[in-house]
Amino acid sequence: MIDLIGRLIATGSRTAVGPPLIAVVGAQGSGKTTLARAAAERFGGIQISIDDVYLTRARREVMADEVHPLFRTRGPPGTHDLRLLNRLIKALSTARPHDKVLIPDFDKRADDRRPIRDWRIFEGRPSAILIDAWCLGALPEDEAALAVPINALERERDADGAWRRAVNGFVAGSYADFAARFDAVLFLKAPGFEVVLDWRSQQEADLLDVRPKDLPDEERRRLADFIQYFERITRRMLNGGVIADKVVVLDRDRRPGPLPA
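About the thresholds
- Residues numbered from 1 in each chain as written.
- Predicted model: local features only at pLDDT ≥ 70, side-chain atom pairs only at ≥ 80, totals over all residues.
- Heavy atoms only, no water.
- Pairing = 2+ DSSP bridges.
- Helix = DSSP H or I, 4+ residues; strand = E, 2+ residues; numbered from the N terminus.
- Axes fitted to C-alpha atoms, helices over the stretch in contact; angles between N-to-C directions.
- Contact = heavy atoms within 4.5 Å.
- Salt bridge = Lys/Arg side-chain N within 4 Å of Asp/Glu carboxyl O.
- Buried < 20%, exposed > 50% of the residue type's maximum accessible area, 1.4 Å probe, protein only.
- Parallel < 35°, antiparallel > 145°, perpendicular 65-115°, else oblique.
- Nonpolar A, V, L, I, M, F, W, Y, C, P; charged D, E, K, R; others polar.
- Phe/Tyr/Trp six-rings, centres within 6.5 Å; stacked < 30°, edge-to-face > 60°.
- Polar contact = N/O pair within 3.5 Å; in protein donor to acceptor, adjacent residues only side chain to side chain.

### Focus: the sheet that holds strand E1 (residues 21-26)
Then comes step 1: Sheet architecture is open: five strands sit in the order E2-E7-E1-E8-E9, paired in parallel fashion. Each end of this open sheet is capped by a strand with a single partner; those strands are strand E2 (46-49) and strand E9 (246-249). Shown here is a sheet whose adjacent strand axes are inclined to one another by a mean of 20°, direction ignored.
Then comes step 2: Relative to strand E7 (residues 129-132), E2 is paired through four bridges, and the arrangement is parallel. When the bridges of E7 are listed, Ser 49 appears paired with Asp 132.
Then comes step 3: Contacts from helix H4 (residues 82-93) reach E1, E2 and E7 within the one sheet, and its direction differs from that of E7 by about 160°.

See the structure below:
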């Protein structure tokens, strides 16, 4: 799949200004970050995860008070600082050979952005900017679809649908505008939402340096609750509600099927 990204990079930027902007999209645990990072290393680009620009915990607390309590939890559209990400893209696209750009980093255990002194530094102008973002390119839903809760989170904590309508508004608005900037979107398509918990649990086991089967039950239950925040949009994307230039179908073990030309 790295060679596929290489071909997308070689196509260049449609604006002819700055390096090509490529998105790698997929469900939690699909391997998009690993793939984008490996491609950036091979082709002299830079990889940035949309997770790097989550809103700070303080800003999400404000959203929770002003919009809906579920915005306290990071992940869904509306909980990322797209303005910051756009500024990073501009800085990298116009960087001179010895310019240094600070890349944010988010501490998921602390649930907050790391201090600037801990951000990584990229020097010069990259050959490509690779953004991995689970929800980029997702299409919004209509009101009828939003009216029906799809899991316990929506039934019990968003009974009137206010949170999911707000998320859908971000999908249709600022996130769609952001996605329209990209030269190419590569979608890593999971075989179904049912694999996401296993994939996400494997990620967590790696972070804890344990075998997936040794992941504590309470941790798996926490993850099962957490992925409900992602479920509606993930299912929407898996059912065709996504704009992507290339689609790679994965099996349960994240092995890709035939690659698109």
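### So, the pattern of salt bridges
Then comes step 1: Scanning all chains against the criterion turns up 27 salt bridges.
Then comes step 2: The partner of Arg 200 in a salt bridge is Glu 204, and the shortest N-O contact between them spans 3.0 Å. Note that Arg 200 and Glu 204 are positioned in helix H8 (residues 196-208) at a spacing of four residues, about one turn of the helix. Considered together, Arg 200 and Glu 204 belong to a single accessibility category, that of buried residues.

### Details of the packing of helix H9 (residues 217-226) against helix H10 (residues 228-238)
Then comes step 1: Put simply, H9 and H10 touch, their axes get as near as 5 Å, and they point 45° apart. The angle between the axes of H9 and H10 places the two elements in the oblique class. Residues Ala 224, Asp 225 and Phe 226 of H9 form the contact with H10, whose participating residues are Gln 228, Tyr 229 and Phe 230.
Then comes step 2: For the contact of H9 with H10, the per-class residue count stands at four nonpolar, one polar and one charged.

### A look at the packing of aromatic side chains
Then comes step 1: Across all of its chains, the model carries seven aromatic pairs by this definition.
Then comes step 2: Centre to centre, the rings of Phe 71 and Phe 170 are 6.1 Å apart; their planes meet at 80°, and the pair counts as edge-to-face. Of this pair, Phe 71 sits in the loop between helix H3 (57-66) and H4 while Phe 170 sits in helix H7 (residues 162-179), and the two are 99 residues apart along the sequence.
Then comes step 3: Looking at Phe 71, the relative accessible area reads 0%, which means it is buried.
Then comes step 4: Assessed through its relative accessible area of 27%, Phe 170 is described here as partly exposed.
Then comes step 5: Centroid distance Phe 178 to Phe 182: 5.2 Å. Interplanar angle 85°. Geometry classified as edge-to-face.

### Re the side chain of Arg 200
Then comes step 1: Assessed through its relative accessible area of 7%, Arg 200 is described here as buried.
Then comes step 2: In terms of polar contacts, Arg 200 uses its side chain to reach the side chain of Glu 204, at 3.0 Å.
Then comes step 3: Not counting residues up to four positions away in its chain, the partners in contact with Arg 200 are Gln 28, Leu 223 and Ile 227.

### Brief notes about the side chain of Thr 79
Then comes step 1: With respect to the helices and strands, Thr 79 occurs in the loop between H3 and H4.
Then comes step 2: Engagement of the side chain of Thr 79 in a polar contact is seen with the backbone nitrogen of Gly 75, the distance being 2.9 Å.
Then comes step 3: Side-chain polar atoms of Thr 79 contact the backbone oxygen of Pro 76, separated by 2.7 Å.
Then comes step 4: Not counting the four nearest positions on each side in its chain, Thr 79 is found in contact with Tyr 54, Leu 55, Arg 60, Phe 71, Thr 73, Arg 74 and Tyr 175.

By themselves these figures say nothing about function.
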